[in-house]
Every structure is written in structure tokens, then in C-alpha cells.
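Chain residues, written in single-letter form:
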Amino acid sequence: MRQPSRLSARLALLLAISLLLSLAGAGCSWAGGNVSNYEDDEDIIVPAGTFTKLIVENHAGTIRIRGGDGDSVRGLLRKKASGNGASILKSVVAAATYQVVAEGETLRIKEVYKTDDRVDFWSWKEANHPDVNVGLEYELVVPAGIQAIEVYQSAGNTELTGVAGNVSIVNNAGNITMTGVSLSGDSRIALVSGNLDLSLAALDPAASLIAELTAGNVSLRLPKNTDASLGVEVAAGTISGNIDSLPVTNSAVTHTLGAGSALISIRVTSGNISVKAD
């Protein structure tokens, strides 16, 4: 029997490698002959204008917002789906897109059904492909002109890095992380289930921060020489940190930092609170 030549074997190997690379570039991973994951990125294009407030709405996925240079909001929407069937996963991912609505100086970004932006994508997905798991991840960079950020999320993590102004976050399930954030104005955080990690770069003397959690832990780190009236309360858990009168269990603590001009109020039903000022 005639044996294949070395050249033919090498060509077959190169073709196989090319196929694998093309699949990887499409965002697919293979398991047992079936596509189990598929993802695709879509650039977010924001209309020209002067905006001071950003609102992001999402049902499931991670929202990451960081401060950056420039004078406009920019970023991408990463769409992920998992399940069985390459064509189904691709069609579901292709059906998801974002919508940007400019309302005066406010930008509102949310997900919609690509074929008809009057239809909510998640409602379409549950009606047509309930067995497909989908996550939509926003990666956004905001300029210094954005001084107010609002995030509304049902399930997923929210991450804010290096932003400034006031913040409002409402989340049903997921972790909230704020790193190097400078707060001014009135900020509100409501989280049903998840952890809250706040590391503030600055707190304006006239600012207020009110956070309420049903189940989860809170870690609050304040910059040195913070001027704030601090009130923390936990119904079932422990309050600890490096300020006076800590730690305590199942109790409430009030403390004045510096001149006590800003307001910080944190309430947790079940969980622990750590407060450090350094």
C-alpha cells in the first residue's frame, strides 16, 4: 500500500492548524464535537455632544467603568453565550446589541434586540432560547466631564475605577467594587446579595454616601484625613476596622472623622463590615 508523502502529511497538519486558529478567532471553544461557548465584541459608538451623566442598564453580565482621558465616552460590549449548537449560539449573540440614548447632558446605554430596538433583548432571548446562557459585559471609559454615574443591574458584577463625581448603583445579585474613586455630591448603593468593596481616593466635604446591603460583606477604605460623620450598622455580623470603638458584633457604630463634614452611612442585614481610615 502506498504511504502518504511527508509533504502531504505536512499539508494536512497545516490545514488542521489553520482550521483551529480560525475557530479560535471566531470566539468558539469545542468540547466533544459541540460548540459550548461563543463570544463576540461590538464597539460602542457614542454621539457627539457634551455629557455629564452616564446611565448603564444591564440584566446579566459585568459592567466595568473606568476614568480616562479624552472628551467622550468609549468602550465595547462583549457578548457571551454558552450552550449546545454553534448556529444557535451565534444567532443569539448576533441578536444582542446596545442602544445609546442622548437626553440633554445624559447618556443612557442599555441592551436591545438588534432586529427591533424597541424590544428588550432579554425578553426575546427567554421567549426564543431559554436554554442558552448569555452574559453581556460592558467595558467603558469615561472622560472627566462625566460627573454622575448610574448603574442598574439584575445579576452581575459592577466595577468602577478612577472615576469622579456621584455614583448610584442598584444591583440584585453580584459584587460591587469601587477603586480609586473620588466622590462628590450624593451617592447611593443598594445591593441585595453580594459584597461591596470601596476604596476611595477622595471624599468631598459636602458629599454623602449611603449603602444598604441585605446579604454580603462590606470593606470600606478611606483616605487619610477624611472629614466625615460615619455611621455603620449590622443586624447579624461584625463591624471591625482601625477606628475607635471597634470591633463590635451585631451593633451600630457612629464615629466622627476629622471635621465630620461628609456623611457615610452603611447598613447590612447579614454580613460583616470593615472600615479602615489610613
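Now for a look at the structure at hand.

Reading guide: rules and limits
- Residues numbered from 1 in each chain as written.
- Predicted model: local features only at pLDDT ≥ 70, side-chain atom pairs only at ≥ 80, totals over all residues.
- Heavy atoms only, no water.
- Core = buried A, V, L, I, M, F, W, Y, C linked by side-chain atoms within 4.5 Å.
- Buried < 20%, exposed > 50% of the residue type's maximum accessible area, 1.4 Å probe, protein only.
- Helix = DSSP H or I, 4+ residues; strand = E, 2+ residues; numbered from the N terminus.
- Contact = heavy atoms within 4.5 Å.
- Phe/Tyr/Trp six-rings, centres within 6.5 Å; stacked < 30°, edge-to-face > 60°.
- Axes fitted to C-alpha atoms, helices over the stretch in contact; angles between N-to-C directions.
- Parallel < 35°, antiparallel > 145°, perpendicular 65-115°, else oblique.
- Left-handed = near helix turned anticlockwise from the far one by under 90°.
- Nonpolar A, V, L, I, M, F, W, Y, C, P; charged D, E, K, R; others polar.

Membership of the largest hydrophobic core comes to 68 residues, with the highest contact counts inside it found for I65 and M178. Ranked by the residues each element gives to this core, the list is headed by strand β8 (residues 133–142), at five residues. Not counting chain neighbours up to four residues away, the residues in contact with M178 comprise L160, V167, I169, L183, I189, D197, L198 and S199.

Working definition: an aromatic ring pair is given by the centre-to-centre distance plus the angle between the planes. Evaluated as defined, the whole model comprises three aromatic pairs. Taking the centre distance of 5.2 Å and the plane angle of 70° together, the rings of F121 and W122 count as edge-to-face. Of the two residues, F121 and W122, neither departs from the other in class, the shared state being buried. Taken together, the ring pairs in this structure connect Y113, F121, W122 and W124 into an aromatic cluster.

All right, on to the packing of helix α2 (residues 86–95) against helix α3 (residues 121–128) then. At a closest axis distance of 10 Å, the pairing of α2 and α3 adopts a crossing angle of 155°. The angle between α2 and α3 falls in the class roughly antiparallel. Between α2 and α3 lies a crossing whose hand is right-handed. The segment α2 lies against α3, with S91, V92 and A95 engaging F121, W124 and K125. The class makeup of the residues in the contact of α2 with α3 is four nonpolar, one polar and one charged.

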